[in-house]
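Inside the fold
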Amino acid sequence: MALSVLILAAGKGTRMNSNSPKVLHHVGNIPMIYYSINLAIKAKAKNIGIVISKDATEIKNFIKSLSINIKLFVQSNQLGTGHAILSAKEFETKSEDLIILYGDCPLITVDTIKKLINTKKKGADLSVLGFLSNNQKEYGRMVVDKNNNLSKIIEYKDADKNEKNIKFCNSGVIISKAKILFSLLNQISNNNSAEEFYLTDIVSLANKQGLIVKSVYCNEAEAQGVNNRQDLSEVELEFQKNKRLEILDNGVTLKDPSSVYFSYDTEIDQDSIVEPNVIFGPGVKIKKNVLIKSFSYLEGCQVDPNVVIGPFARIRPQTVLEHGVKVGNFVEIKQSTLSQNVKVNHLSYVGDGKIGKNSNIGAGTIFCNYDGNKKYNINISSNTFVGSNVSLVAPLEIGESVTIGAGSTITDDISDKELAIGRARQINKRKK
Ligand code: UD1
Ligand code: CA
């Protein structure tokens with residue numbers, strides 16, 4: 001059966017008080033709409049569509065960057081969630097079953113979606129995902145009987161005092177046969193306080209027509225939507241909680257999980273240890289038995305087994321740290337490969353470099369990779385020793401088993417097994 005997923009993302013997101021579209025605000029260091037797309041993929045959707053507004057160039061560019069086959073639909077005027085779906089008419093014929101997701105609800109899991117799909121298999125014509133909440137957020141309120149039959153959804157803005165106190169809230173996720181969904185949507189009006197065409201109105205319409213409408217529960221944290229910055233911070237926190245559990249379950253030790261922050265794609269293998277206050281930006285892959293000490297910040301890097309990083313290390317994109325490497329305190333590494341057992345233990349900057357096996361970079365070594373205009377590379381071969389406080393002025397080729405004297409400024413290439421010293425000779429004079 002062809003399942004399609006349509007993600008609504010054309011809303012104005014005014015409550016975010018931002019120049020960027022709401023669904024591009026980050027959760028786990030990636031625009032939140034990524035999670036709805038990923039959920040559609042995990043649910044094995046044959047077709048994925050996204051409804052965007054007409055001036056959504058930034059959203060378009062982000063979706064393009066994912067290289068996933070996604071059909072974009074434009075909703076010219078934001079007349080409500082029901083109206084948004086009608087802009088994707090093509091999905092009426094393209095799909096048998098259709099799931100509606102919102103682009104601002106990033107934490108819903110595939111297990112929950114499977115529950116929703118099951119109610120449909122068991123005969124529901126329409127099924128809606130809800131959650132119990134004690135708060136007074138502006139969620140639609142769901143009226144159900146004890147068999148989970150859903151009779152109507154009342155939008156918060158239109159609810160009276162009693163209805164506002166209903167604890168069962170609409171997550172926004174709906175499944176139905178596409179034909180039924182579109183036929184119901186063609187019958188809704190905008191006769192409500194927001195003068196919008198509410199998707200939620202199809203529930204009472206379906207009931208009037210004798211269709212079976214069911215509801216499914218998930219927990220509140222999972223269904224949390226983002227309407228303002230406070231919601232965004234709550235969703236981020238929930239994402240971090242989930243990701244920490246995933247990493248712990250992988251067999252990684254986190255000494256103080258709540259102080260470690262991950263990205264959507266962070267991978268850490270078994271028996272690695274992360275000390276408190278470490279940040280993982282996007283694109284970090286850590287292999288097994290790695291020790292990351294406190295206050296380190298890692299982005300876009302590959303870290304092989306038995307590496308030790310930090311404390312206070314900064315590892316920047318396109319860095320590879322091979323087996324047994326040690327990167328110590330106040331060291332920054334950018335776009336460089338450190339081969340097996342290389343040590344850069346103190347106060348150094350390594351940028352656009354390659355360092356061969358077993359080489360040692362002394363305290364305070366600086367790769368001068370930028371001349372104010374262009375960037376250049378430095379290659380150091382294996383078993384080389386760079387003394388403390390050395391400036392390596394790129395471009396440079398430095399051979400194997402080289403020794404560079406402390407305090408040198410190196411501007412010329414060095415051949416294998418040479419000793420290089422580039423500093424003024426010391427003069428001692430008697431004082432007058
Ligand atoms: C909606 C639901 C509400 C539910 C809540 C869950 C309706 C009428 N209300 O309210 O019952 O509890 O989500 O989070 O459905 N959008 C469009 N075009 C539009 C309007 C909205 O594409 O014209 C998109 C938005 O980009 C967003 C989603 O639909 O991704 C939901 O819209 P939003 O305005 O945030 O709805 P809520 O007020 O949160
Ligand atoms: Ca919302």
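So, how was this worked out
- Residues numbered from 1 in each chain as written.
- Chains lettered and ligands numbered in written order.
- Predicted model: local features only at pLDDT ≥ 70, side-chain atom pairs only at ≥ 80, totals over all residues.
- Heavy atoms only, no water.
- Helix = DSSP H or I, 4+ residues; strand = E, 2+ residues; numbered from the N terminus.
- Rg over C-alpha atoms; globule rule 2.2 N^0.38 Å.
- Buried < 20%, exposed > 50% of the residue type's maximum accessible area, 1.4 Å probe, protein only.
- Contact = heavy atoms within 4.5 Å.
- Areas by Shrake-Rupley, 256 points an atom, 1.4 Å probe, with all protein chains shown as cover.
- Lys, Arg positive; Asp, Glu negative; His and termini not counted.
- Charge placed at Lys NZ, Arg CZ, Asp CG, Glu CD.
- Pairing = 2+ DSSP bridges.
- Donors = N, O, S within 2.8 Å, 3.2 Å for Na, K, Ca; no water.
- Near = heavy atom within 4 Å.
- Polar contact = N/O pair within 3.5 Å; in protein donor to acceptor, adjacent residues only side chain to side chain.
- Expected span 1.5 Å × (residues − 1).
- Core = buried A, V, L, I, M, F, W, Y, C linked by side-chain atoms within 4.5 Å.
- Phe/Tyr/Trp six-rings, centres within 6.5 Å; stacked < 30°, edge-to-face > 60°.
- Salt bridge = Lys/Arg side-chain N within 4 Å of Asp/Glu carboxyl O.
- Domains from an automatic or database assignment.
- Buried area = accessible area lost by both parts, 1.4 Å probe.

**Topic: the overall build of the protein**
Check the secondary structure of the protein and you find 10 helices and 37 strands. Against the 2.2 N^0.38 benchmark of 22 Å for 432 residues, the protein shows a C-alpha radius of gyration of 29 Å, more extended than a compact globule. In terms of overall dimensions, the protein has a C-alpha envelope of 105 × 50 × 40 Å along the principal axes. When burial is assessed residue by residue, the protein has 49% of its 432 residues classed as buried. Put simply, of all contacts in the protein between residues at least 6 apart along the chain, 42% involve residues at least 24 apart. Element-wise, carbon and sulfur atoms account for 47% of the exposed surface of the protein, whose accessible area totals about 20900 Å². For the protein, the distance from the average position of its 54 positive side-chain charges to the average position of its 44 negative side-chain charges is 3 Å.

**Looking at the pairing of strand β1 (residues 3–8)**
Counting buried residues along β1, six of its six residues qualify, which places the element largely inside the surrounding structure. Direction of pairing for β1 relative to strand β6 (residues 97–102): parallel, over a ladder of six bridges. Looking at β6, one finds that Leu 8 is bridged to Tyr 102.

**Regarding the coordination of the calcium ion (ligand 2)**
Here the calcium ion (ligand 2) is held by the protein donor atoms Asp 104 (OD) and Asn 227 (OD1), which lie 2.4 to 2.5 Å from it. Linking Asp 104 in the loop between β6 and α5 (110–121) with Asn 227 in the loop between α9 (220–223) and α10 (229–249), this pair joins segments that are 123 residues apart in sequence.

**Re the environment of Ile 414**
Mapping Ile 414 onto the fold places it in the loop between β36 (409–410) and β37 (419–420). Residue class for Ile 414 comes out buried when judged on its relative accessible area of 6%. Counting along the chain gives 333 residues from Ile 414 to Thr 81, while the straight-line C-alpha distance between them is 67 Å. When sequence neighbours within four positions are dropped, the list of residues in contact with Ile 414 reads Glu 397, Ile 398, Gly 399, Val 402, Ile 404 and Ala 420.

**Here we look at the site of ligand 1**
Residues in close proximity to ligand 1 total 23 residues, the closest being Gly 11, Gln 75, Thr 81, Glu 155 and Asn 170. Take Leu 79: an N or O atom from its main chain is 3.5 Å from an oxygen atom of ligand 1. With respect to ligand 1, the side chain of Glu 155 contributes an N or O atom lying 2.7 Å from an oxygen atom. Here ligand 1 loses 93% of its free accessible area of 750 Å² to cover by the protein chains. Broken down by secondary-structure element, the contributors of at least two residues to the shell around ligand 1 are α3 (81–86) and β10 (168–177).

**Some thoughts on α10**
Over its 21 residues, α10 extends 30 Å from the first C-alpha to the last, a length consistent with the 30 Å expected when each residue adds 1.5 Å. Here α10 has its buried residues at Asp 231, Leu 232, Val 235, Glu 238, Phe 239, Gln 240, Lys 243, Arg 244 and Ile 247. The inward-facing, buried residues of α10 abut β2 (26–27), α1 (33–42), α9, β12 (253–254) and β13 (267–268). Its side-chain oxygen at 3.1 Å from the backbone nitrogen of Gln 230, Asn 228 defines the N-terminal cap of α10. Looking one or two places after α10, you find Gly 251, whose phi comes out positive at around 95°.

**Section: the nonpolar core**
Core analysis: the biggest nonpolar cluster contains 80 residues, and Leu 6, Ile 100 and Leu 181 have the highest contact counts within it. In contact with Ile 100, other than residues within four places in its own chain, are Leu 6, Leu 8, Ile 85, Gly 172, Val 173, Ile 174, Leu 181 and Leu 199. Residues Val 284, Leu 298, Val 303 and Val 327 belong to the second largest nonpolar core, which totals 45 residues.

**Quick look at the packing of aromatic side chains**
As enumerated under the stated definition, the model contains nine aromatic pairs in all. Between the aromatic rings of Tyr 35 and Phe 239, the centroid separation amounts to 5.9 Å while the plane-to-plane angle is 65°, which identifies the pairing as edge-to-face. With Tyr 35 in helix α1 and Phe 239 in helix α10, this residue pair connects regions lying 204 residues apart in the sequence. For the pair formed by Tyr 35 and Phe 239, the shared burial category is buried.

**Details of the pattern of salt bridges**
Per the stated rule, a full pass over the model turns up 13 salt bridges. The partner of Arg 316 in a salt bridge is Glu 332, with the nearest N and O atoms 2.5 Å apart. Taken as a pair, Arg 316 in the loop between β21 (313–315) and β22 (319–321) and Glu 332 in strand β24 (residues 331–334) lie far apart in primary sequence, 16 residues in all. Judged by its relative accessible area of 23%, Glu 332 falls in the partly exposed class. The residue Asp 352 makes a salt bridge to Lys 334 at a minimum N-O spacing of 3.1 Å. Highlighted residues: Asp 352 in the loop between β27 (349–351) and β28 (353–355) and Lys 334 in strand β24, separated in sequence by 18 residues.

**Observations concerning the sheet that holds strand β35 (residues 403–404)**
With respect to topology, 10 strands assemble into an open sheet ordered β12-β14-β17-β20-β23-β26-β29-β32-β35-β37, the strand pairing being parallel. The sheet is open, and its two edges are formed by β12 and β37, each paired on a single side. Across two bridges, strand β14 (residues 273–274) lies against strand β17 (residues 291–292) in parallel orientation. Among the inter-strand pairings, Ile 273 is bridged to a residue of β17, identified as Leu 291.

**Digging into the domain arrangement of the protein**
Partitioning the protein into domains gives domain 1 (4–223) and domain 2 (251–420). Distance from the C-alpha centre of domain 1 to the C-alpha centre of domain 2: 46 Å. Contacts between domain 1 and domain 2 engage five residues on the former and six residues on the latter. Summed over both sides, the interface between domain 1 and domain 2 buries roughly 340 Å², with carbon and sulfur atoms accounting for 61% of that surface. Viewed at the interface, domain 2 and domain 1 are joined by zero salt bridges. Counting the contacts that link domain 1 with domain 2 gives two residue pairs in polar contact (both at pLDDT 80 or more).

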